[in-house]
Amino acid sequence: MDDMNNRAAARLFILCGPTAVGKGTVVGSLCERYPSQFYLSVSATTRQPRPGEVEGKSYFFVSREEFQGLIDSGGMLEWAEVHQQNLYGTPAKPVDEALERGLPVLLEIDLDGFRQVKAVRPEAHSIFLLPPSWEELKRRLIGRGTESTEEQHRRLETARVELAAQNEFDELIVNDNLADAVSALAKSMGLA
């Protein structure tokens, strides 16, 4: 395949879904199954690295000034300030470089980030990952045991808002079976 066809085949994909739907698990399995066939976008953040995090793989760790410079120059596809403390976002340069190399690019982002990216990259193909049912989503969230009861309620309210936005997406995938969800995502991205 020559470079021109390679570039034409490259596409930008957005994966979004409610809390506890299993986005990270699906994406992790996709990375294991297709380790070098697509680029998984790496977010930038102004927070300090945690033990074990790797620059350029876990996050791009930048100063607040550098992050603001990227925002001001149009170098962020999407961004947000979290807990009025740290900035997080998707730098455009690594995404564009991967697309230029002919790789499909996957962004795993939240609903606000999806809307920001679609505003600047309307050609992006958006995929919403759904739980098999509301009851199953609640079971998964509570079963993780990583959040307080108050935090679980907050996340479930956020999930209701996110689920209500599913019609904004180009495609829906139900995560009722991990292997099937990964296969559906791979097929959407042209990996399978």
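Owing to the predicted nature of the structure, the values given are computational and were not obtained by experimental measurement. (Residues numbered from 1 in each chain as written. Predicted model: local features only at pLDDT ≥ 70, side-chain atom pairs only at ≥ 80, totals over all residues. Heavy atoms only, no water.)

**Regarding the side chain of Thr 90**
For clarity, the cut-off: Under the scheme used here, helices are H or I runs from DSSP no shorter than 4 residues and strands are E runs no shorter than 2 residues, and both carry numbers assigned from the N terminus. Think of a polar contact as two N or O atoms within 3.5 Å of one another; within protein, one of them needs to be a possible hydrogen donor and the other a possible acceptor, and neighboring residues in sequence only count if both atoms come from side chains. Here a residue-residue contact requires only that any non-hydrogen atoms of the pair lie within 4.5 Å.
Within the secondary structure layout, Thr 90 lies in strand 6 (residues 86–91). A polar atom in the side chain of Thr 90 sits 2.6 Å from the side chain of Glu 78. If near-sequence neighbours (up to four positions away) are discounted, Thr 90 is found in contact with Ser 41, Gly 75, Met 76, Leu 77, Glu 78, Val 95, Leu 107 and Ile 109.

**Details of the domain arrangement of the protein chain**
To keep it simple, the criterion reads: Residue ranges assigned to the domains are those given by an automatic or database domain assignment. Buried area, as used here, totals the accessible surface that two parts lose on assembly, with accessibility defined by a 1.4 Å probe and the loss added over both.
Taken as a whole, the protein chain is organised into domain 1 (9–38 + 104–191) and domain 2 (42–103). For domain 1 versus domain 2, the distance between C-alpha centres works out to 20 Å. At the interface, 15 residues of domain 1 touch eleven residues of domain 2. Between domain 1 and domain 2 lies a buried interface of about 1000 Å² when both sides are counted; carbon and sulfur atoms form 65% of it.

**As for the packing of helix 2 (residues 23–33) against helix 8 (residues 178–188)**
Rules: Here, axes are lines fitted to C-alpha atoms. For helices the fit covers the stretch in contact, and angles between N-to-C directions go from 0 to 180 degrees. To sort the angles, those under 35 degrees are grouped as roughly parallel, those over 145 as roughly antiparallel, those from 65 to 115 as roughly perpendicular, and the leftovers as oblique. A clockwise turn of the near helix away from the far one marks a right-handed crossing, whereas an anticlockwise turn of less than a right angle marks a left-handed crossing.
Helix 8 packs onto helix 2 with a crossing angle of 65 degrees between their chain directions and a minimal axis gap of 9 Å. With respect to helix 8, the axis of helix 2 lies roughly perpendicular. The way helix 2 lies across helix 8 gives a crossing that is right-handed. Residues Thr 25, Val 26, Ser 29, Leu 30 and Arg 33 of helix 2 pack against Leu 178, Ala 179, Ala 181, Val 182, Ser 183, Leu 185 and Ala 186 of helix 8.

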